[in-house]
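Observations on chain architecture
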Amino acid sequence: CGPMTIRELLAEESPTLRRRLASLFSGLPDETPASPLSCAAGEVVVRQDAPCRCVYVLVEGRADASGLQPGGPSHTYSEFGPLTLFGEYEALCGANCFLAEVRARTACRFWVLAREDYFSWFFSGRDTTLSRVREVVRSLWEQARRERGYLSLDSDSRLLSFLVSWYEANAGGGTACIPMTRPAIGDETGVCSRTVNRGVRALRERGFLDIQSGKIQLSHTQYLRLRAELERRLADGRAIH
């Protein structure tokens, strides 16, 4: 779709989401242009090192940001929900290219703002500037805290952590099949697919998971066992390098 105004975009949203978006963009003129963008699950929204001239506002859905390592696997930083801004770090630090890849985890909708319009909003008032600075610092601190803890885990415990987190985010308490390939899980956990295969095989032999049509399947009981195993490892230090 071509550019619309913020007023036009807000008018198309549900009342609840409209209030949240209007609150977020308080200080941004109603006539500011923005382009709506829809992405299917799995679609790359922005690529790392691509020119960064816009800020993407996640309006609906969930998306991942990951860093591609030269000569190695990518590392997924985190999963993000609505009202997250992508390209904001790059704008604030003056980067000309995106520092990470953003991929839709579910079907997503974005609003795309030109960088100059983002800055007009950012500097529209002291409260807006302070709010965005606090949000950026908070998210950077949370990311650093999470990565410090995660990087200290051995490869087997990273796989346990991934399985537990995936089930909690996606399963809803029943039996669920993880649709990801082993290389994709390796990218998510930061280890090679051979190590993932070895870990999956060992967990299957111990009854922690099942394999259906080549995909990992977890029941709620297996999830509880995986979580208890991870907690035991963390408690006695076995999960740490």
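Look a little higher up for the structure.
This text gives an overview of the structure that appears in the document. (Residues numbered from 1 in each chain as written. Predicted model: local features only at pLDDT ≥ 70, side-chain atom pairs only at ≥ 80, totals over all residues. Heavy atoms only, no water.)

Thoughts on the packing of aromatic side chains
Convention followed: Classification of ring pairs rests on two measures: the distance between centres of Phe, Tyr or Trp rings, Trp counted by its six-membered ring, which must be within 6.5 Å, and the angle between planes, read as stacked under 30 degrees, edge-to-face over 60 and tilted in between. The numbering of helices and of strands both runs from the N terminus, where a helix is a DSSP run of H or I of at least 4 residues and a strand a run of E of at least 2. The rule is simple: take the accessible area with a 1.4 Å probe, protein chains only, and divide by the maximum for that residue type; under 20% is buried, over 50% is exposed, in between is partly exposed. Geometrically, a lysine NZ or arginine CZ counts as sitting over a ring once it is within 6 Å of the ring centre and also within 35 degrees of the ring normal.
Evaluation of the coordinates by the stated rule reveals twelve aromatic pairs. Between the aromatic rings of Phe25 and Trp111, the centroid separation amounts to 6.1 Å while the plane-to-plane angle is 20°, which identifies the pairing as stacked. Of the two residues, Phe25 is situated in the loop between helix H2 (15-24) and strand S2 (33-39) and Trp111 in strand S9 (residues 108-114); the sequence distance between them amounts to 86 residues. One exposure class covers both Phe25 and Trp111, and it is buried. Through successive ring pairs, a cluster of aromatic residues spans Phe25, Trp111, Tyr118, Phe119, Trp121, Phe122 and Phe123. Over the face of the ring belonging to Phe208 we find Arg225, whose NZ or CZ atom lies 4.3 Å from the ring centre.

Details of the nonpolar core
Defined as follows: Take the buried Ala, Val, Leu, Ile, Met, Phe, Trp, Tyr and Cys residues and link them wherever side-chain atoms come within 4.5 Å; each set so joined is a nonpolar core. The contact rule is simple, with two residues in contact once any of their heavy atoms fall within 4.5 Å.
In terms of nonpolar packing, the biggest core is built from 23 residues, with Phe162, Leu163, Ile178, Leu203, Ile216, Leu218 and Leu226 touching the most fellow members. Breaking this core down by element, the ones donating at least two residues are helix H6 (155-170), strand S10 (176-178), helix H8 (193-205), strand S12 (215-218) and helix H9 (220-236). Top element by residues in this core is H6. It accounts for seven residues. With sequence-adjacent residues up to four places away left out, Leu218 is seen in contact with Leu163, Tyr167, Gly174, Thr175, Ala176, Ile178, Phe208, Leu209 and Leu226. Ranked by size, the runner-up nonpolar core spans 21 residues in total, among them Leu21, Val59, Trp111 and Phe122.

Considerations on the sheet that holds S10
Here is the rule: A pair of strands counts as paired when DSSP detects no fewer than two bridges linking them. To get an axis, a line is fitted to the C-alpha atoms, and for a helix only the part in contact is used. The angle between two axes follows their N-to-C directions and goes from 0 to 180 degrees.
The sheet built from three strands is open, its strands ordered S10-S12-S11 with antiparallel pairing. Where the open sheet ends on each side, the last strands, each with one partner, are S10 and strand S11 (210-212). If you compare each strand with its neighbour and ignore which way they point, the axes differ by 40° on average. Across three bridges, S10 lies against S12 in antiparallel orientation. Within S12, the residue paired with Cys177 across the bridge is Gln217.

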